[in-house]
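Fold and geometry: a report
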Amino acid sequence: MQNKTTLRLAIAALLIAIDVVTSPLFRIEGMAPMSSVLNVIIGCLVGPFYAFAITLMTGIIRMLILGIPPLALTGAVFGGVLSALFYRWTNRVGGAWLGEIIGTGIIGSLLSYPVMILFTGSSNGLYWFIYTPRFLAATLFGGLVGTILTKILLKSPRFLRYQQLFSKLKL
């Protein structure tokens, strides 16, 4: 049992590291398509509990080390969790992508407005849908890449074995 827990934590740490390192490499201001790529993969691999933990930790690290505003949390966490839930409900990678679009592209973008007003102390130039076009574009592009990569990964026996490791998780 200890080995399984250690392996789960090691995989989660690796996914966090990959997301933290790759997200600034392919970042466009207001868009983080690599987080969407990872959210789809994470959603299909680890399930909602670990998806929440991984995306939360990734967002916090990106905020502390890279100076990213709280948008790192509002988008990624909802997208990761809904990606995992939609994958679990549909058992289809397209379901994970849809969860990412709804979670990050819609819910995350709309929640970013009040969070950024609290963060900046000003609503100058901000309106409810200011983040939605960028978040949606990032989730459509990044989610598509994540869907393609996940379909390739699902052919790997090791990925399937890790997927089973997380699916047997009892909480």
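In the nomenclature of an unreviewed UniProt entry, the protein corresponds to Protein ThiW from the organism Pediococcus acidilactici DSM 20284.

1. Quick word on the packing of helix H5 (residues 93–120) against helix H6 (residues 132–153)
At a closest axis distance of 9 Å, the pairing of H5 and H6 adopts a crossing angle of 160 degrees. By the angle between their axes, H5 is roughly antiparallel relative to H6. With respect to the hand of their crossing, H5 and H6 are arranged in right-handed fashion. For the pair H5 and H6, contact is made by Val-93, Trp-97, Glu-100, Ile-101, Thr-104, Gly-105, Ile-106, Gly-108, Ser-109, Leu-110 and Ser-112 and by Thr-132, Phe-135, Leu-136, Thr-139, Leu-140, Gly-143, Leu-144, Thr-147, Thr-150 and Lys-151, respectively. Of the residues belonging to the contact of H5 with H6, the class tally is nine nonpolar, ten polar and two charged.

2. Describing the packing of aromatic side chains
Inspection of the entire model under this criterion finds four aromatic pairs. Aromatic side chains Tyr-50 and Phe-166 sit 5.0 Å apart centroid to centroid with 75 degrees between the ring planes, which places their arrangement in the edge-to-face category. On the criterion of sequence distance, the pair formed by Tyr-50 in helix H3 (residues 48–66) and Phe-166 in helix H7 (residues 157–167) is long-range, its members being 116 residues apart. Residue Tyr-50 is classed as buried on the basis of its relative accessible area, which comes to 10%. By relative accessible area, Phe-166 is classed as buried at 3%. Relative to Phe-135, the ring of Tyr-131 lies with its centre 6.0 Å away and its plane at 50 degrees, an arrangement referred to as tilted. For the pair Tyr-131 and Phe-135, one class covers both residues: buried. An aromatic cluster of at least three residues, connected via ring pairs, comprises Phe-49, Tyr-50 and Phe-166.

3. Quick look at the UniProt feature "transmembrane region" (unreviewed entry) in the protein
In the numbering used here, UniProt assigns the "transmembrane region" (unreviewed entry) feature to residues 38–65, 71–89, 101–129 and 135–154. Counting secondary structure, residues 38–65 comes out at 93% helix and 0% strand; the distance between its end C-alpha atoms is 19 Å. Annotation note: span residues 135–154, helix share 95%, strand share 0%, distance between end C-alpha atoms 27 Å.

Cut-offs applied
Note that residues are indexed from 1 along each chain, following the sequence as it is written. In keeping with the predicted nature of the model, local features appear solely for residues at pLDDT of at least 70, side-chain atom pairs appear and are counted solely at 80 or more, and the whole-chain, interface and lining totals rest on all residues. Values reported for side chains reflect all heavy atoms of the structure, with hydrogen atoms and water molecules removed beforehand. Between N-to-C directions, angles cover 0 to 180 degrees, with each direction set by a line fitted to C-alpha atoms, over the stretch in contact for helices. The way it works is that DSSP assigns letters per residue, a run of H or I at least four long becomes a helix, a run of E at least two long becomes a strand, and they are numbered from the N terminus. For classification, angles of less than 35 degrees are called roughly parallel, those exceeding 145 degrees roughly antiparallel, those between 65 and 115 degrees roughly perpendicular, and all remaining angles oblique. Put simply, a crossing is left-handed when the front helix is turned counterclockwise from the back one by less than a right angle, and right-handed when it is turned clockwise. In what follows, a contact means two residues having at least one pair of non-hydrogen atoms within 4.5 Å. When residues are grouped by polarity, Ala, Val, Leu, Ile, Met, Phe, Trp, Tyr, Cys and Pro land in nonpolar, Asp, Glu, Lys and Arg in charged, and all others, Gly among them, in polar. What counts as a ring pair is set by centres within 6.5 Å for rings of Phe, Tyr and Trp (its six-membered ring), and what kind of pair is set by the plane angle: stacked under 30 degrees, edge-to-face over 60, tilted for all other angles. Summary of the burial criterion: residues with accessible area below 20% of their type's maximum are buried, those above 50% are exposed, and those between are partly exposed, where the area comes from a 1.4 Å probe applied to protein chains only. UniProt positions are given in the numbering used here, feature names are shortened, and annotations may be inferred rather than shown by experiment.

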